[in-house]
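Below, each chain spelled out in residue letters.
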Amino acid sequence: MAKKSEASDGIKLVVVESPTKAKTIRKFLGKDYVVESCMGHIRDLPQSAKDIPEKVKKEKWAQLGVNVDKNFEPLYCVPKDKTKVVKNLKDKLEEATELYLATDEDREGESISWHLLEVLKPKVPTKRMVFHEITKDAIQKALKDTREIDLNLVRAQEARRILDRLVGYTISPLLWKKVAYGLSAGRVQSVAVRLIVERELERIRFKKSAYWGVLAELSKDGVNFESRLQQYKNQRIATGKDFDGLTGQLTAGKDVLVLDEKLAAKLAADLKAGNWTVTDVEEKPTFRKPAPPFITSTLQQEANRKLGLSSRETMQVAQKLYEQGFITYMRTDSTFLSNEAITASRDSIGSKYGKEYLPPQPRTYAAKKVKGAQEAHEAIRPAGNQFMDPDETGLTGTQFRLYDLIWKRTIASQMVDARQKQVSAKIQVGEALFGASGMTIEFAGFLRAYVEGSDDPEADLAEREVRLPALKTKDVVKCAKLDPTSHETKPPARYTEASLVQTMEKEGIGRPSTYASVIGTIIDRGYVRKNGTALVPTFTAMIVSKLLSSYLSEYVDLGFTSEMEQSLDNIADGDLDWEKYLASVYKGPKGLRALVDTQEEKINPDEARTMTLEGMDRYKFHVGRYGAYVTTTRDGEDVSASLPDNESPADITPEIAEKLIDQKINGADALGKDPKTGLPIYVLNGRYGPYVQLGDVSPEDDKPKRASLPPNTQPEQVDLQMALELLSLPKLLGTHPGTGKEIKAGLGRFGPFIVHDGDYRSIPKGESIFTITLERALEMLSQPKKGRGKAAPLKELGVYPETTDAVQVYNGPYGPYIKCGKVNVSLPEGTTPDTVTLEQAVALINEKGGPAKGKGKAKAKGKSSGTAKSAAPKAAPKKSLKQAETAKEKAQVLGVKKVVTRKSKK
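If you're wondering where the values come from, they're calculated on a predicted model, not measured in any experiment. (Residues numbered from 1 in each chain as written. Predicted model: local features only at pLDDT ≥ 70, side-chain atom pairs only at ≥ 80, totals over all residues. Heavy atoms only, no water.)

Things to note about the environment of L724
Mapped onto the elements of the fold, L724 is located in helix α21 (residues 720-727). Judged by relative accessible area, which is 22%, L724 ranks as partly exposed. Separated by 32 residues in the primary sequence, L724 and V692 place their C-alpha atoms 8.9 Å from one another. Setting aside anything within four residues of it in sequence, one finds L724 in contact with D674, P675 and I681. (Helix = DSSP H or I, 4+ residues; strand = E, 2+ residues; numbered from the N terminus. Buried < 20%, exposed > 50% of the residue type's maximum accessible area, 1.4 Å probe, protein only. Contact = heavy atoms within 4.5 Å.)

As for the side chain of Q808
Mapped onto the elements of the fold, Q808 is located in strand β29 (residues 806-812). According to the relative accessible area criterion, Q808 is buried, its value standing at 14%. Among the polar contacts made by the side chain of Q808, one reaches the side chain of E796 at a distance of 2.9 Å. Within the structure, the side chain of Q808 is placed 3.1 Å from the side chain of Y810, a separation counted as a polar contact. Ignoring anything within four residues of it in the chain, the contact list for Q808 reads P793, K795, E796, Y817, I818 and K819. (Polar contact = N/O pair within 3.5 Å; in protein donor to acceptor, adjacent residues only side chain to side chain.)

Remarks on the packing of helix α13 (residues 497-507) against helix α14 (residues 512-524)
Two numbers describe how α13 lies on α14: the axes approach to 11 Å, and their chain directions differ by 125°. Judged by the inter-axis angle, α13 sits oblique to α14. Crossing of α13 over α14 shows right-handed handedness. Taken together, the residues of α14 that come into contact with α13 (itself represented by E497, L500, V501, M504 and E505) are Y515, V518, I519 and I523. For the contact of α13 with α14, the class distribution of residues is seven nonpolar, no polar and two charged. (Axes fitted to C-alpha atoms, helices over the stretch in contact; angles between N-to-C directions. Parallel < 35°, antiparallel > 145°, perpendicular 65-115°, else oblique. Left-handed = near helix turned anticlockwise from the far one by under 90°. Nonpolar A, V, L, I, M, F, W, Y, C, P; charged D, E, K, R; others polar.)

Observations concerning helix α22 (residues 774-781)
Turning to α22, its buried residues number three or more, namely A777, M780 and L781. Buried residues in α22, looked at end-on, bunch into an arc of 95°, giving them a common side. Where α22 is buried, its residues meet β24 (731-735), β25 (742-748), β26 (751-756) and β27 (759-762). (Arc of directions from axis to C-beta.)

Observations regarding the sheet that holds strand β20 (residues 672-673)
Here we have four strands laid out as an open sheet, ordered β20-β21-β22-β23, and antiparallel in their pairing. Taken across any chain shown, the strands that pair with only one partner, and hence form the sheet edges, are β20 and β23 (706-708). The pairing of strand β21 (residues 680-686) with strand β22 (residues 689-694) spans six bridges and is classified as antiparallel. Across the sheet, residue Y682 finds its bridge partner in β22, namely Q693. (Pairing = 2+ DSSP bridges.)

Some points on the sheet that holds strand β2 (residues 33-37)
As summarised here, the arrangement of the four strands in space is β2-β1-β5-β6, forming an open sheet in which the pairing is parallel. Each edge of the open sheet carries a strand with a single partner, namely β2 and β6 (126-128). When strand polarity is set aside, the average angle formed by the axes of neighbouring strands in this sheet is 25°. Along the sheet, helix α2 (residues 83-94) makes contact with β1 (11-16), β2 and β5 (96-101), crossing β2 at roughly 170°.

A look at helix α10 (residues 339-352)
The terminal C-alpha atoms of α10, which comprises 14 residues, lie 20 Å apart, in line with the 20 Å expected from a rise of 1.5 Å per residue. Among the residues of α10, A341, I342, A344, S345, R346, S348 and I349 are the ones counted as buried. In this fold, the buried residues of α10 make contact with α11 (397-412). Phi for G354, located one or two positions after α10, is positive at around 110°. (Expected span 1.5 Å × (residues − 1).)

See the structure below:
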C-alpha cells in the first residue's frame, strides 16, 4: 500500500462493495469524492476449468486452484463478470489523486480491499477506511482515522478460503466415486449435515411411551383454575421429565407411579366427589433480566423464530438495512454497546415508555467476542446517536420487520428487569395431592418492548401469565370437572435453522457470518429439505454422513472442526504461521491428502451407497443415480422401489416400505377406467411424490400420461373423478381478448398455475385449479407478476425504440436498476424509480451498447439496422472516461462539478 501523505487537491476515489452502500455514502461526502462499487470480491480461486489461465492449465494443481507444493500459493482469477467492474475502477483511478478502500470491517472486507490493491496497483496514496455504521458522523470520522490494510486478517481469510478449497476439492471426488457424481463435501457444511443426520438417527432410535395424568378444573370465589394430579398414596405421578429424552423410556431408577388409562379414569371418577382442601400456598417474587443486544447468530435465531426468516434471508435483509444506514454492521460476535448507543437507547426509553423503565445505571454487556474478533466491535443496533423509531423509517415489508426487531431488542437490553410473582398451591383430595401454579407480572419492565423467543413451545406456555384466585391454607375449593389426560413421549425435535445456528455457535463450528451460506448450501445441494421450520435430512445426507463418519471421521468431528476455527483465529491474531498450519492439515502421512488416498482403497462403493435403519432389518436403503430407493427380499428374489423425495428417514415404517414395494411389483389397484380410452387409472408414489397415471407402462408406451397431486393432497383422498380432472390438465380456459392466444390452467412442481403466451402465474392458495374461470385468469394476468424467484418490475417505462424489448425498473440487491433485454444499468444518483423517464433510460442503455449488445447480437460498426445509435438518435451516448478529453467532459462522466488534474513531473 502506498504510504500515507497529505491529501492533495483533486478527485478522491472511494471503493465499497455494493451500489446501495455507495449510494448511501455519497450523501455524506463532498463533491471531491467519487464513490464506486466493486460488487463484492473481484478475484477468487477458479470456479471451473474456463477460469484457469492458459499458462498453468497443464499444471497438476491448476484444477485445485492452489499450488500445494509452492507455499500453498493460491491461483487468483478475475471472473468474467467482474472484468467490466475492474476496468471501470481502473478508469476512475486514472483521474483520482487518492484511493480510499472502504470495504466492510471484517476479514472478508479486509480481503476484498487487499485484492483491490493487488489488481488496481494504485500509484496514488491509498488508505484503508473502516466504519461499522453508515452515518454522517461515522463516515467523517472514518475519513480522518484511516489505517493500513491488516495483513493478518487477510492471511486468516486467505487461509480459510484455501483450507475450504483443499477440504472440498479433496473429499468431494471421493464421494463422486463411491456414492454419486455431483455430491460435495465442505469443511463446515459436512459437520452441519452430520448434526442434522445424528438428530434424525436419534428420532429413529426413539421409542414412544404412553403415560396418563388427571386434570382438574377447580374454582374459588367464581374464579376457575386448573390443577394437576402430582401424588397418589404418597407416590409421585410420572410426568414427561421422568422419561429419557433420547430413548423415550422411563429413566432408570425413577421412583414414580406411571398411570395407565384404566387407573387414570378410575381416579378421575373416584376423586371428583371428594373434599378438595388447600394444604399449602407459596408466593415467590422473581426478576427477569433482558437479553443482550443482537450479535450475528442471535439475530439469525430470533428472525427465524419470530419472523420465519431463513438465516440467508435474515442476512440479506440486514445487509440492505446496513447499507442504507439504518443499522450497524451485521457481522459481529460482540454484545458491546458504545456510549452513544446507550445514550440513544435511554433517550428512546424515557420518551417512549417513561422514566420508570430506566435503570439507575446503564446496563453493560461483556463484549462476547471470540479470539480473533469477528468483525465489528459493537452489537447489531440501530445506527447513529439517535435511534430512529421504526414507524418513522419509511421502511416496509421484511426490512421494516427486521429493523423493528433490532430496535426493540436494543431498547429492551437497556430497560429495567421485569418483576413477576410466582404462586404455587397444593390441594388435597382423599389420598391424592393436586398442584396448581400461577404467574403474574407485577411490573413489565423490558417486556414492554421485547420478549425473547424460544424453540420450545412448552417453554413459551410457561412464560404466559396465569392468575390464580386468592388462596390460603385450609380453603375449600370446588371441583367442576375432572378428566384423565393422555400423553406420550416425544422424539428429539429436529433442528430448525435457529437451533442449528445455536448449536454450531455453542460448539465453535464455523463462524456466525457464514452460517447463512452454510445452511443455504446444504439445502440447495439436496442434503436437507425444510418441512415447515424443521430441517430434515435426505437419504443422500444419511449415506454421505455415514461414509465420512466411518472413513474420514476427523473432518466431521465437532472438536476437530472447532480447533480449525481456533487456528484460523490465531492466524488472524498473528500467533500462527498460516503456511505451516495448512501444511500440517494437508500434507504428511497423517494429512488430508494421504488419508483420502488410503481410505479410498478401503471403501466398497456398493456398501457406501447402502444403509439400514434401526427396527427395519428386513430392508436396505440405497442412494443411486436417480435418487433413493429401498430393497428387500421376496420369495428369494431382491425387489426394490423408489423412495419419494419427501419421505423422511425417521418417519418411514415397514408398512410404508411394503406399500411402495407392492406397488412396484403388482401395480396399484386401479381407481377405475378412463371413459374415453378404457385404460385403468392408478394413484402411485414416485421420487417426486404421489401422482395419478393413465394406463400401464408397456413396451409400446413406456411413459404413460401422469399428473402430480395438488399440494397437501394425500393419495387416499383421490377418487376417480379427481384423477380424471388431474389427467385433463393443462386445460384450456379460453383465449385472451387482447392477444387471441390461449390461456390454460395446469399443475406443476411448484403448484397450480395459469399460463398465457409463456407468462405463468401461480393460482393462490384457497382457489381450486378445477373451478378457476377465464375471467379470474384474466384478472390474475392483469396484475404485476410475482413469479417464483423473479421480482415484479417496480415500473414499466415502455419499449426500447425499434425493438420489442420492454424497458422496466426493478429493485435489486444493490438498489433499483433499469432492465432492457439482457442489459441492466443502475439508476443514476438523484434519480428514483418514480422520476426516471423512458428517454433517460434509453440514454443509459445506449451507454452500455443497447439491448442488442446485452444479448450478444451487436452488429459491426457501420451497419445501422438494430444498433443502439440508430434506435435512439436523440439520445447520444455519453463519452467514457477514456474518451473524455477536456476536464469538463471528465467531470460530467464522473458526476462532479470539477476535475483537478495532477501536474506532470518534469
